[in-house]
Amino acid sequence: MQVALESNAVFLGIEYLAILCWGLSGGLAAIQKGYDIFSIMLCGWLTALGGGLFRDVMLGDLPPVGITDKGFVLTTLFSGAIAVVAHPEIRQLKWTMIVVDALGLGLFAVNGTAKALAFGTSGMTAIFLGMFTALAGGLIRDIFLGDVPMIIRDRHLYAIPSFVGCILTVLAWRGSEHGLFDMRSEMVLDILIVVVVVLIRVLSVAFNVTMPGAVPRTHVYLP
Amino acid sequence: MQVALESNAVFLGIEYLAILCWGLSGGLAAIQKGYDIFSIMLCGWLTALGGGLFRDVMLGDLPPVGITDKGFVLTTLFSGAIAVVAHPEIRQLKWTMIVVDALGLGLFAVNGTAKALAFGTSGMTAIFLGMFTALAGGLIRDIFLGDVPMIIRDRHLYAIPSFVGCILTVLAWRGSEHGLFDMRSEMVLDILIVVVVVLIRVLSVAFNVTMPGAVPRTHVYLP
Amino acid sequence: MQVALESNAVFLGIEYLAILCWGLSGGLAAIQKGYDIFSIMLCGWLTALGGGLFRDVMLGDLPPVGITDKGFVLTTLFSGAIAVVAHPEIRQLKWTMIVVDALGLGLFAVNGTAKALAFGTSGMTAIFLGMFTALAGGLIRDIFLGDVPMIIRDRHLYAIPSFVGCILTVLAWRGSEHGLFDMRSEMVLDILIVVVVVLIRVLSVAFNVTMPGAVPRTHVYLP
């Protein structure tokens with residue numbers, strides 16, 4: 001599956017698109033706080049590649065891809081530069097950004113999980129690492145900008161779709177290990193998983209579906 | 001000693017208890033801020049296993065135990081689920097929580113130091129790694145929730161007892177290397193170290209013992 | 001170059017001076033917030049050695065030098081102790097601190113980049129790791145103390161001089177690989193790079209040179 005993800009031009013294209021979009025949203029977050037160009041670039045890079053950085057540190061695949069892959073790094077710098085100029089337009093395209101951000105969420109979840117499985121981790125560890133890849137970049141950016149991370153603050157579904165995507169990726173991988181699918185079917189399955197993640201995320205925002213908090217109780221039952 | 005810690009049912013039981021309790025206290029912190037179930041689970045997991053995660057990254061023992069050990073992860077999820085329902089009761093049992101939290105502090109300090117020594121680090125490095133194990137989880141949780149970490153903000157003794165526990169663990173390890181104790185004595189010593197840590201911590205809260213800050217001075221002596 | 005940096009008494013002296021100074025400035029930050037002695041020591045250590053810790057984790061050189069080198073660790077504890085007593089004087093010596101801090105910035109940038117290159121990374125990865133070494137310590141300290149990191153908040157040049165220093169170090173290294181300089185010239189070049197970094201930083205503060213932010217625009221061009 002890792003092979004499928006890496007060798008395919010479609011997937012590589014979507015990955016660059018995801019990095020570009022997350023770079024834009026990271027840069028925009030820094031612009032809205034009024035920070036300078038260096039901080040804008042830093043936040044774009046962190047948002048797009050920070051999750052993979054975290055995953056690679058946990059896997060021991062060092063130095064991490066977020067500081068070694070020239071194509072990825074240049075893409076984040078390029079998206080930071082776009083954000084510096086085109087921030088009023090990006091802000092306006094709210095729904096486009098939500099959809100492309102969700103695309104990145106799905107793709108990084110599938111990609112992170114598949115990379116972990118290719119390194120021989122258990123399914124649970126792969127799910128953790130897939131979620132780190134999808135969630136850690138935005139989380140670290142929010143902490144840098146002095147906010148409580150969006151995935152903690154916002155009750156819309158964001159971690160849940162990435163979780164679903166990671167579980168489905170593990171299942172698809174296990175199925176292919178047992179010879180249930182050939183390589184072509186795996187790729188189709190991967191794309192379907194990304195679509196599922198995007199759908200859950202976008203529908204959650206569109207219909208304002210939120211996660212419940214703790215059970216609200218006031219009476220204390222203690223001896 | 002690592003062997004002693006791992007192979008012994010009593011220690012394993014206390015370790016699960018510590019993880020359960022730290023998972024509860026982490027979940028409670030997220031509940032008090034009004035966050036959703038995912039954030040509650042995340043904070044429970046981070047508080048209980050984030051310190052060990054940090055230690056394993058520093059040691060290069062990857063992927064870290066906090067994302068590979070199914071028993072530990074399930075325990076944190078279980079404690080998060082308890083917190084979601086039983087938060088009013090947990091809040092009420094303040095002193096029980098302080099004692100069990102101190103138990104976790106002592107046990108993670110001993111456990112982290114012993115693991116580092118078993119990896120062949122120097123005594124100083126092992127003390128650092130023991131303190132990381134004991135302190136990093138709560139620290140990262142506080143940053144995620146937008147607070148200045150409790151170990152920085154609170155002047156009650158919290159880091160100091162873990163520091164004492166780490167030093168004593170190194171001394172006990174060195175003693176056993178030189179043939180001063182057999183394996184049974186080591187285990188007794190380990191338990192005694194945990195008791196010492198718990199006592200320092202609990203007495204500090206009970207009698208309001210605090211650490212001093214910088215020397216208060218107003219006059220500046222400069223040429 | 002790494003060899004040049006390590007084997008030379010002058011460089012080693014400057015490195016200890018940089019660690020001492022960053023330890024002082026980290027301790028001072030904790031004192032100004034009114035925290036206790038443990039937090040002062042922690043912040044001093046983090047500021048001085050946190051950047052190198054981060055670099056070593058990324059390089060996979062574990063356990064990192066920040067928890068294994070006794071001389072470095074004792075120096076940070078010593079500088080924390082000085083800050084506890086002499087904080088009114090240190091605060092007064094504002095310009096001395098800015099210059100010595102800039103000295104640390106330049107030296108850690110050169111040192112971090114050279115270490116990465118000695119580990120066989122590409123130039124881009126080495127620049128990232130040099131900047132991590134120079135910037136990550138202060139960044140983590142600011143997050144611990146609940147501030148938006150200074151390098152994000154402050155528009156004076158701070159990341160830029162470290163970036164310039166890292167690029168120049170890579171160029172000097174490449175030149176020496178191609179036999180353009182001998183070892184003595186490398187050392188002189190290294191010192192010149194540090195001087196350039198210090199000059200950019202200090203002049204930026206003195207003449208209030210700041211980085212621009214995003215292009216200010218109000219009209220949105222969208223179909």
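Above this text sits the structure in question.
Quick caveat, the model's predicted, so the values are computed rather than measured. (Residues numbered from 1 in each chain as written. Chains lettered and ligands numbered in written order. Predicted model: local features only at pLDDT ≥ 70, side-chain atom pairs only at ≥ 80, totals over all residues. Heavy atoms only, no water.)

S.K.: Is there a simple way to explain the relation of the copies chain C and chain B in this structure?
M.R.: Both copies of the chain are placed relative to one another by a rotation about an axis and a shift along it. The operation relating chain C to chain B is a screw motion whose rotation component is 120°, with 0.0 Å of axial translation and a residual RMSD of 0.0 Å. Within this description, the copies of the chain are treated as partners about a three-fold rotation axis. The share of interface residues of chain C whose copies in chain B are also at the interface is only 6%, consistent with the copies meeting through different surfaces. (Least-squares fit on C-alpha atoms with pLDDT ≥ 70 in both. Contact = heavy atoms within 4.5 Å.)

S.K.: Please explain the environment of Leu59(A) as it appears in this structure.
M.R.: For Leu59(A), the location among the structural elements is in helix α3 (residues 37–59). Looking at Leu59(A), the relative accessible area reads 9%, which means it is buried. Put simply, Leu59(A) and Thr125(A) are 66 residues apart on the chain and 9.8 Å apart in space, counted from C-alpha to C-alpha. Apart from residues no more than four positions distant in its own chain, Leu59(A) is found in contact with Lys115(A), Ala116(A), Phe119(A), Thr121(A), Leu129(A) and Leu62(B). (Helix = DSSP H or I, 4+ residues; strand = E, 2+ residues; numbered from the N terminus. Buried < 20%, exposed > 50% of the residue type's maximum accessible area, 1.4 Å probe, protein only.)

S.K.: Can you walk me through the packing of helix α7 (residues 123–144) of chain B against helix α9 (residues 159–177) of chain B in this structure?
M.R.: Helix-helix packing: each pair is described by the crossing angle between the helix axes and the interaxial distance. Residues and elements named next belong to chain B. With their axes 9 Å apart at the nearest point, α7 and α9 run at an angle of 140° to one another. Judged by the angle between their axes, α7 and α9 are oblique. In the crossing of α7 with α9, the sense of the turn from one axis to the other is right-handed. For the pair α7 and α9, the contacting residues are Gly123, Ala126, Ile127, Gly130, Met131, Ala134 and Leu135 in the first and Ala159, Ser162, Phe163, Cys166, Ile167, Val170 and Arg174 in the second. The class makeup of the residues in the contact of α7 with α9 is ten nonpolar, three polar and one charged. (Axes fitted to C-alpha atoms, helices over the stretch in contact; angles between N-to-C directions. Parallel < 35°, antiparallel > 145°, perpendicular 65-115°, else oblique. Left-handed = near helix turned anticlockwise from the far one by under 90°. Nonpolar A, V, L, I, M, F, W, Y, C, P; charged D, E, K, R; others polar.)

S.K.: Whenever I open this one, the interface of chain C and chain B confuses me. Can you help?
M.R.: Put simply, an interface is often sized by how much accessible area is lost when its parts join up. Contacts between the two partners involve 33 residues from chain C, matched on the other side by 33 residues from chain B. Contact with chain B buries surface across chain C, with Phe38(C), Ile67(C) and Phe144(C) losing the most and accounting together for 23% of the total. Counting the contacts that link chain C with chain B gives zero salt bridges. Looking at the side of chain C that touches chain B, the elements with two or more residues in it are α3 (37–59), α4 (65–68), α5 (70–92) and α7 (123–144) of chain C. Residues that form the side of chain C that touches chain B fall into these classes: 22 nonpolar, seven polar and four charged. (Buried area = accessible area lost by both parts, 1.4 Å probe. Salt bridge = Lys/Arg side-chain N within 4 Å of Asp/Glu carboxyl O.)

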